[in-house]
2 protein chains.
Amino acid sequence: MSRIYNFSAGPAILPLEVLQEAQTDLADYKGSGMSVMEMSHRGKEYDAIHAEAIANARELMGLGDDYAVLFLQGGASFQFAMIPMNFLEQGQVADYVSAGSWGAAAVKQARIVGNVNLAAECQKDIPTRMPAAAEMKWTPGAAYSHVTTNETISGTQLRDIPETGSPLIADMSSDILSRPLDYAKFAMVYAGAQKNLGPSGLALVAIRKDLAAKGSITLPTMLKYQTHIDENSLYNTPPCFGIYMLGLTLRWMKRKGLANLFQQNRDKAQMLYDVIDASGYYRGTAVRESRSDMNVTFRLPTEEAEALFIKQASEAGMKQLKGHRSVGGIRASVYNAFPVAGVEALVSFMKDFEKRNG
Amino acid sequence: MSRIYNFSAGPAILPLEVLQEAQTDLADYKGSGMSVMEMSHRGKEYDAIHAEAIANARELMGLGDDYAVLFLQGGASFQFAMIPMNFLEQGQVADYVSAGSWGAAAVKQARIVGNVNLAAECQKDIPTRMPAAAEMKWTPGAAYSHVTTNETISGTQLRDIPETGSPLIADMSSDILSRPLDYAKFAMVYAGAQKNLGPSGLALVAIRKDLAAKGSITLPTMLKYQTHIDENSLYNTPPCFGIYMLGLTLRWMKRKGLANLFQQNRDKAQMLYDVIDASGYYRGTAVRESRSDMNVTFRLPTEEAEALFIKQASEAGMKQLKGHRSVGGIRASVYNAFPVAGVEALVSFMKDFEKRNG
């Protein structure tokens, strides 16, 4: 087996030891005589997997009993719709920060459902950035407020969580459990699993029970958060194998230790930003104070140089470095599971590439 | 490795060779240096998996270009809501056949959205059954009509597909691609994957494009069938690993040959019904002409005898034979991937158990 350095923005790299454990148990989970994919979601083997994943998510996020942890399908994109369908009634307004492609996507879906105020808008700014707290204009009495804590495409991260007055909901798809954060500041956070938590096809939702209880009661059953709280994410058959993989990944995080993992994330990103800042050749796309630790985005002097960079990096086993098709450039996604050795390899490559082409 | 005979109603048994192929490739798919779970859903490796799964589903169901094949999240339960949200406008009526728990569940969600006519209703009948075509009362000009082709809990199967006048939509979660069927009779069929097609967390939808085009345009983007047709089920990150497993299962079906598989399904069920009919001890719960080839349901003289049957069968490696908690009794689910040897083992066990206890 020869593993690549996979810089994909998502679905993204998973810890090798997680994959290896899943591989060992794939056709016969712990002597049960069946795969996790073949288990009744109401049987005792799967019950234990489900309960442990919820307990570990709760522990790692430091959530109290006033929060429920849910596993929902449809990814973060489905949450873009489910949130306003539950919480944005006629005559109300919801505040959204739109500071990148994903924030803007959340706004688009909320506007289909109801009335949106843009508390701050800078998704078209170049260089890319997150708005400062002072820029954000919150509506008194808003139904809720919504932020995107990390924008994968523009390579920006919201460093300070704003005080909004209304229940704060955050799309944390690309930086959940990647840095120290007080989750009690949020009424709800959600994340598609396929960046820091596991495979695609699953969203982790942590929601304060009093917010969920306010959800619209006229929706179909699957669309209500309250349903999934009442049924412990077992109203219908959940994505069992995805939850199992997320559970293995959370266990891996506990073994690593959150503080170590968070420090390592800072260090990995800093190694790349240091190369960029020391160079007259590479140019970061985000303003310094908004730089993401998860997605390091930069440009080379020309698109031809970028194409050559991507090609030669790929030949050297560093894959998926191409920036999102909407913006171009280079993007190195270095989520929790991305190894330090891979960042070191990219640092070397960047220095060498600059020497040869700069 | 010691595999059990897994009679679970779903998530259910998968072909062992499918699991073994997935196991081999789990941490390094075909020399790509990454797991299928780590691949960008817009990269060339995943593209090939996605395209082949769609092509094989299309081929196996015999669908023309007027149909789209979609991979959606949320299982069949989410389709219960998505169908009326798309196709049941104010002032319209939809016809539903309610002949078991799943048909009734579909009705419940449709009624949250709009106006439902029960074309036939027999979900509380004992013995359990499917309505005859002559019983079904279709509304002229209905928005659509809906049937459940196999009821997993009551162990019944709709043998003949009715002529409804309006676009016919079928929940085929528990018998899709298990028997000869003219899929062109349906405007849409859907199935949670976790019985005959793959793991949970994924629904296969085949929809006639002219029906999808009629869907409500005021819904959030993820809730429209048209979105997923336009984006080839890649509007957002799909459940890539589930689609991969479904693709491997469809390949396995092609290797087996549909005609062989269908005949084997009939034979497996018949072996069990023969034991029931030859016995004064076991009693089938469904009327003979509605008996399912997928879920064979029967009772023993007492609940104590049933509990002993389940316990001793489990000790002999035949698991998950307990009937659904809402009805009790015994249920042997023998989907496509369930091996003939497992049915033979159950037949022997049933005969022996009757001798010892009858």
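Keep in mind the model is a prediction, meaning the values are calculated, not measured.

Each value, and the rule that gives it
Residues numbered from 1 in each chain as written. Chains lettered and ligands numbered in written order. Predicted model: local features only at pLDDT ≥ 70, side-chain atom pairs only at ≥ 80, totals over all residues. Heavy atoms only, no water. Contact = heavy atoms within 4.5 Å. Buried area = accessible area lost by both parts, 1.4 Å probe. Salt bridge = Lys/Arg side-chain N within 4 Å of Asp/Glu carboxyl O. Helix = DSSP H or I, 4+ residues; strand = E, 2+ residues; numbered from the N terminus. Nonpolar A, V, L, I, M, F, W, Y, C, P; charged D, E, K, R; others polar. Expected span 1.5 Å × (residues − 1). Buried < 20%, exposed > 50% of the residue type's maximum accessible area, 1.4 Å probe, protein only. Arc of directions from axis to C-beta. Pairing = 2+ DSSP bridges. Axes fitted to C-alpha atoms, helices over the stretch in contact; angles between N-to-C directions. Parallel < 35°, antiparallel > 145°, perpendicular 65-115°, else oblique. Left-handed = near helix turned anticlockwise from the far one by under 90°.

Caption draft 1: Layout of the interface of chain B and chain A. With 60 residues of chain B in contact, the opposing surface of chain A contributes 60 residues. Roughly 4600 Å² of surface becomes buried between chain B and chain A when both sides are summed, with 59% attributable to carbon and sulfur atoms. On the chain B side of the contact with chain A, B:Gln23, B:Met37 and B:Glu38 bury the most area, a combined 14% of that side's loss. At the surface where chain B touches chain A, the tally comes to two salt bridges. Linking A:Glu38 and B:Arg3 is a salt bridge whose minimum nitrogen-to-oxygen distance equals 2.6 Å. Every element with two or more residues in the side of chain B that touches chain A is listed here: α1 (16-24), α3 (75-87), α4 (101-113) and α7 (240-256) of chain B. Looking at the side of chain B that touches chain A residue by residue, the class counts come to 31 nonpolar, 24 polar and five charged.

Caption draft 2: Expanded view of helix α9 (residues 303-315) of chain B. Residue and element names in this part refer to chain B. Between its terminal C-alpha atoms α9 stretches 18 Å, which fits the 18 Å expected from 13 residues at 1.5 Å a residue. For α9, the complete set of buried residues consists of Ala305, Glu306, Phe309 and Ala313. Within α9, the buried residues cover an arc of 100 degrees as seen down the axis, which keeps them to one side. In α9, the exposed positions angled more than 90 degrees off the buried face are occupied by Glu303, Glu304 and Glu315. Looking at the buried positions of α9, the neighbouring elements they touch are β12 (295-299), β13 (318-319), β14 (330-333) and α10 (340-357).

Caption draft 3: Looking closely at the sheet that holds strand β10 (residues 203-208) of chain A. Residue and element names in this part refer to chain A. Across the sheet, seven strands lie side by side as β2-β10-β9-β8-β5-β3-β4; this open sheet has mixed pairing. Pairing within the sheet leaves two strands with one partner each, and these edge strands are β2 (67-72) and β4 (115-121). Strand-to-strand twist across the sheet, computed as the mean angle between neighbouring axes with direction ignored, equals 20 degrees. Bridge analysis of strand β3 (residues 93-98) against strand β5 (residues 145-148) gives two bridges, and the strand direction is parallel. When the sheet's bridge partners are listed, Asp95 is paired in β5 with Ser145. Docked against the sheet, helix α2 (residues 44-61) engages β2, β9 (188-192) and β10, running at close to 130 degrees with respect to β2. Helix-sheet contacts for helix α4 (residues 101-113) involve β3, β4, β5 and β8 (168-171), and the interaxial angle to β3 is about 160 degrees.

Caption draft 4: Molecular detail of the pairing of strand β9 (residues 188-192) of chain B. Residues and elements named next belong to chain B. The element β9 is extensively covered by neighbouring structure, given that five of its five residues are classed as buried. Relative to β9, strand β8 (residues 168-171) runs parallel, the two sharing three bridges. When the sheet's bridge partners are listed, Asp171 is paired in β9 with Tyr190. Note that β9 and strand β10 (residues 203-208) share five bridges and pair antiparallel. Bridge pairing in β10 links Gly192 to Ala203.

Caption draft 5: Looking closely at the packing of helix α2 (residues 44-61) of chain B against α7(B). Residue and element names in this part refer to chain B. At their nearest, the axes of α2 and α7 sit 9 Å apart, and the two run at 45 degrees to each other. With respect to α7, the element α2 is oriented oblique. Helix-helix and strand crossings are classified by hand; for α2 and α7 the assignment is left-handed. Where α2 approaches α7, its residues Tyr46, Ile49, His50, Glu52, Ala53, Asn56, Ala57, Glu59 and Leu60 are matched on the opposing element by Cys240, Ile243, Tyr244, Leu246, Gly247, Leu250, Arg251, Met253 and Lys254. Within the contact of α2 with α7, the residues separate by chemical class into 11 nonpolar, three polar and four charged.

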